[in-house]
Structures are given as structure tokens and as C-alpha cells.
Amino acid sequence: METNRWMNGGMEYDQQFRQKIDHHNRCCGGGLWCVKDICGVVCAILTWLLILYAEFVVMMVMLIPSPYPVYSYINILIFQTLAFLAFASHLRTMFTDPGSVPKGNATREMIQQMGCRDGQIVFKCLKCCSIKPDRAHHCSVCQRCIRKMDHHCPWVNNCVGEDNQKYFVLFTFYIASISVHSLFLAGNQFVTCVRVEWKDCSSFSPPTTVFFLVFLVFEALLFAIFTAAMLGTQLQAIWNDETGIEQLKKEEARWVKKSRWKNIQFVFGRFSLAWFSPFTRPPPKVKIENYLYSV
């Protein structure tokens, strides 16, 4: 009962502190999480440009000029749906707070609010002056402690943590999907151009068409391998309830282990089509982290 009292009090104060004071890494009047890292911003913009390039080649070189309207319409619908969901998932991952601990909340008032007793200690992060929950790690790029931090990804200019891991998994899934779809379309286009005159299989000249298709195949193959590997890594981490940092550091599990299905539900919620939507929020997390430890 005593433990629940100081944990609940600490969480209530944590939310008040976040709302009133904590505006670090935020933009649009504090409404969006936004990491001000030049390298991350460049990588994020490059990601958008590569998606737009795939859009251009798939639409303008392959599908719109196609003499087969049914084939064209079906594949336009599939590709545009996947590309839209990939882009939306990227934005949600990038602009969602990954689970940051309020910066500078290691104050006397906070500790008193949590009901700290004699014989207890508070774990603090000396880098961001915050009270550090269990399983939180400090990110040198975000300059914050992140709850259940898996890693910092420059391609989304953000950490992957407790509150945005779902969006990152969807991003890798949809990028891998449109990459495989692009490879299928490019292969089919090459076969079509070989069977007929090259000048008749595209609205561009044969050398330009070849250049567009070869670069698309290279891009799609690279991203398919990279995102598929990342997707598998993320699903394994969720399945085993162990973040990438915890695996790397070989940290001993001090938390209560749940069933693997519960681990998946913790990130995605109960099974439904909402699992695959970047527009539905992850399920609300029950705050059970230990801020204080008996000694």
C-alpha cells in the first residue's frame, strides 16, 4: 500500500511537471515532439525523397503508361496505399514522444511528492537531471532519458521507445512491403520491355527508362533487406520483452516477465485491424516503473 501511494503520487506529479515545465524537444507550441538534430533531419528528408522517387518511377515510368488498365489500376491502388501508410507511420514515429522522462524533475519537491521514506534512494540521471525509472536509458541525441528505449534511429530522427515502438514497427513493415512491390513491378517492366520495343514500353527514352528502373531496383533491394531485418529485430524484442539496449548490455531482467502474447498486446493492444493503422494510438501503459528502491 505504501509503495502504491508513492508510485501513484510520483506519477501524478510527473504528469503535472511534464505539462507545466517540460518543453524540451518540442515544437508547434509544445504539441509535437521534435528532435533538433541536423543529421536526423537530413536522414528523415532523404527518406521522404526516396519514397517520392519510388512514387515517380512506379507511377510515371511503369503504371500510368501501361497498356493494361486493370493491371495498372490494381497496382496503383496497392502501391499508393502502402506508400501512404509508410509515410504516415514515419511521421508518427518521428513526431511522437517515445516515452521521455521529464527533464530536470529530480527536485526536492518531486521526491517529497513521491513519499520517499528513510532508507530509500532515488536513481537520478546526471546528464538530464531526471528521476530515472526502471528500464529507462539516456539518449545522447535526444538529451533525455527514454522509457524502454530500444535505440535511436536517425532515419526517423527519434528514439524508438515505449510510446512510439508500434509506429516504428509499422514503418519498417510498410517500407519493406512497398520495396518488395517495387521489385515485382520493376521485374515485370523489364520483361515487358524485352518482349516489345523499348521505345514503346515507356514514355521516356530507353536509356532513361533503364536508369530509372536500375536505380529503383537498387533502392528497393537495399531498403527491403534493411527494413525486413529491422522489423524482425523489433518483433523479436517485443516477443521477448527485451529492448535492443538491454540485449546489447546483457542486462539481467529485474522486471516481471509477461507471456509473449501479453508482450505483443502491450505494444499493439488487443488484436484488430488497428494493429496495422498508424492513426490509432498504442494502448495506455500502466505505470509500474520503480522510481525508488529499498536499500
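Structure: above.
What you are looking at is a predicted structure, and each value in this text was computed from that prediction instead of being measured.

Looking at the side chain of Thr93
Point 1. Looking at the element boundaries, Thr93 is found in helix α3 (residues 69–95).
Point 2. Residue Thr93 is classed as buried on the basis of its relative accessible area of 0%.
Point 3. Only 3.2 Å separates the side chain of Thr93 from the backbone nitrogen of Phe168, close enough to count as a polar contact.
Point 4. Contact partners of Thr93, with chain neighbours within four places excluded, come to Val156, Asn158, Asn164, Tyr167, Phe168 and Phe171.

So, the environment of Leu50
Point 1. With respect to the secondary-structure elements, Leu50 resides in helix α2 (residues 38–63).
Point 2. Spatially, the C-alpha atom of Leu50 lies 9.3 Å from that of Leu216, the residues being 166 residues apart in sequence.
Point 3. Ignoring any residue separated from it by four or fewer positions in sequence, one finds Leu50 in contact with Glu219 and Phe223.

Thoughts on the side chain of Arg26
Point 1. Among the secondary structure elements, Arg26 is positioned in strand β1 (residues 26–27).
Point 2. Engagement of the side chain of Arg26 in a polar contact is seen with the side chain of Asp97, the distance being 2.9 Å.

Thoughts on the packing of helix α5 (residues 165–195) against helix α6 (residues 206–240)
Point 1. Their axes nearest at 8 Å, the elements α5 and α6 cross at an angle of 150°. Taken together, the axes of α5 and α6 lie roughly antiparallel to each other. As α5 packs across α6, the resulting crossing turns out to be left-handed.
Point 2. Classifying every residue of the contact of α5 with α6 by side-chain character gives 21 nonpolar, seven polar and no charged.

Cut-offs and rules
- Residues numbered from 1 in each chain as written.
- Predicted model: local features only at pLDDT ≥ 70, side-chain atom pairs only at ≥ 80, totals over all residues.
- Heavy atoms only, no water.
- Helix = DSSP H or I, 4+ residues; strand = E, 2+ residues; numbered from the N terminus.
- Buried < 20%, exposed > 50% of the residue type's maximum accessible area, 1.4 Å probe, protein only.
- Polar contact = N/O pair within 3.5 Å; in protein donor to acceptor, adjacent residues only side chain to side chain.
- Contact = heavy atoms within 4.5 Å.
- Axes fitted to C-alpha atoms, helices over the stretch in contact; angles between N-to-C directions.
- Parallel < 35°, antiparallel > 145°, perpendicular 65-115°, else oblique.
- Left-handed = near helix turned anticlockwise from the far one by under 90°.
- Nonpolar A, V, L, I, M, F, W, Y, C, P; charged D, E, K, R; others polar.

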